[in-house]
Amino acid sequence: MAGIDLNLLAVLGALLEHRNVTRAGERLSLSQPTMSGALARLRQHFGDELLVRSGREYQLTPLADGLLPAVREALGQVERTLRMPAEFDPEVSVRRFSIAISAQSILALGGLLRRVHELAPGVQFDMWPTTAALLESGRSLPGYDVLIAPEGSRADGEPEVLLRDRFVYVADPANPRLRDGRDRFTAEDLAALPHAAARLPQADRITGALDELGVTPKVAATTGGWLPLPFLVAGTDLVAAVPERLARRVSGAAGVTITDPPFGTIELIEAAWWHPTHSTDPALTWLRRIVREVAAALDSGPVLPSQRQPENGI
């Protein structure tokens with residue numbers, strides 16, 4: 001142990017979590033040459049490559065995969081040992097929080113940063129996208145203070161529900177299947193039209209609902225998330241299913257119309273997770289309270305214009 005730089009433990013943890021030298025360096029605010037040098041020392045110490053390139057991505061070796069739980073526990077123990085049991089004062093804090101958050105949650109929780117800045121002007125955020133690879137790995141929590149993602153993601157711990165949403169369809173207003181005053185698509189329309197879809201686990205629920213209607217969607221384009229879809233379908237005959245809160249925030253900018261799906265309501269729930277080692281951190285306890293308050297202040301749920309009750313009985 002005397003010949004080992006224990007700073008390498010944090011580097012090892014970041015490399016195993018992110019499986020990418022550049023992203024791990026960004027997480028630790030270290031340059032790529034520094035990270036590459038640290039990886040070389042770790043490889044020499046363990047006598048193993050740890051990370052091996054597979055196409056454009058990296059994969060963990062069996063040894064590295066087996067190290068991950070022990071490294072997590074070691075880093076958590078170091079954090080618990082060194083953490084000061086002081087109160088958190090938001091007015092003077094310069095804490096930097098790390099949050100992994102989905103695009104639809106960023107749009108829905110648009111007031112979060114404003115509220116935090118009002119209460120804690122010195123606090124900063126590192127916000128990371130909740131990519132499909134991150135969620136499917138099941139190894140995301142220890143590297144972030146809070147993770148906000150669709151319920152059902154493979155994160156440790158019990159999720160706390162923040163938002164409830166549902167899927168709707170977006171399309172160009174000039175879509176040929178919306179002519180003659182029609183304001184929604186039928187199953188026959190969705191069978192005939194080309195689709196754009198997100199490569200996310202939640203998209204399988206849409207495919208399943210269409211299958212029950214006897215519709216096999218003709219997917220002409222795919223994206224890594226929901227946010228690009230309204231912009232992708234604009235000016236085309238494409239249709240896409242997206243979360244309604246996101247659709248309402250961007251439909252004007254994208255120039256698309258929003259319609260009800262023919263398969264009823266498919267609920268999409270956004271939840272928050274945090275690692276058990278973060279449960280007693282006063283700063284994170286404060287942050288989670290603010291997230292809850294902002295989420296609770298939202299309306300009870302998105303409603304399409306056709307579902308709104310008329311004012312004054314008109």
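As a reminder, the structure under discussion sits directly above these lines.
Residues numbered from 1 in each chain as written. Predicted model: local features only at pLDDT ≥ 70, side-chain atom pairs only at ≥ 80, totals over all residues. Heavy atoms only, no water.

Trainee: Can you help me understand the overall build of the chain in this one?
Mentor: Helix and strand counts for the chain come out as twelve helices and eleven strands. Taking all 314 residues of the chain together, 46% fall into the buried category. Counting contacts in the chain only where the partners sit at least 6 residues apart, residues at least 24 apart contribute 75% of the total. As presented, the chain carries roughly 16200 Å² of accessible surface, and 53% of it is formed by carbon and sulfur atoms. (Helix = DSSP H or I, 4+ residues; strand = E, 2+ residues; numbered from the N terminus. Buried < 20%, exposed > 50% of the residue type's maximum accessible area, 1.4 Å probe, protein only. Contact = heavy atoms within 4.5 Å. Areas by Shrake-Rupley, 256 points an atom, 1.4 Å probe, with all protein chains shown as cover.)

Trainee: I tried to follow the packing of aromatic side chains on my own but got confused; where do I start?
Mentor: In this structure the tally under the stated criterion is four aromatic pairs. Lying across the ring of Trp-274, Arg-288 places its NZ or CZ 4.4 Å from the centre. (Phe/Tyr/Trp six-rings, centres within 6.5 Å; stacked < 30°, edge-to-face > 60°. Lys NZ or Arg CZ within 6 Å of the ring centre and 35° of its normal.)

Trainee: Just to check I follow, could you spell out the pattern of salt bridges for this structure?
Mentor: Oppositely charged side chains are able to pair whenever their charged atoms sit close together. Under the defined criterion, the tally for this structure stands at twelve salt bridges. We note a salt bridge from Arg-43 to Glu-49, for which the minimum N-O separation is 3.6 Å. Assessed through its relative accessible area of 42%, Glu-49 is described here as partly exposed. The salt bridge involving Arg-177 is made with Asp-189; its shortest N-O contact spans 3.0 Å. Note that Arg-177 is positioned in the loop between β6 (160-171) and α8 (187-192) and Asp-189 in helix α8, a separation of twelve residues in sequence. For Asp-189, a relative accessible area of 2% translates into the label buried. Taken together, the shared-partner salt bridges connect Arg-166, Arg-184, Glu-244, Arg-248 and Asp-260 into one network. (Salt bridge = Lys/Arg side-chain N within 4 Å of Asp/Glu carboxyl O.)

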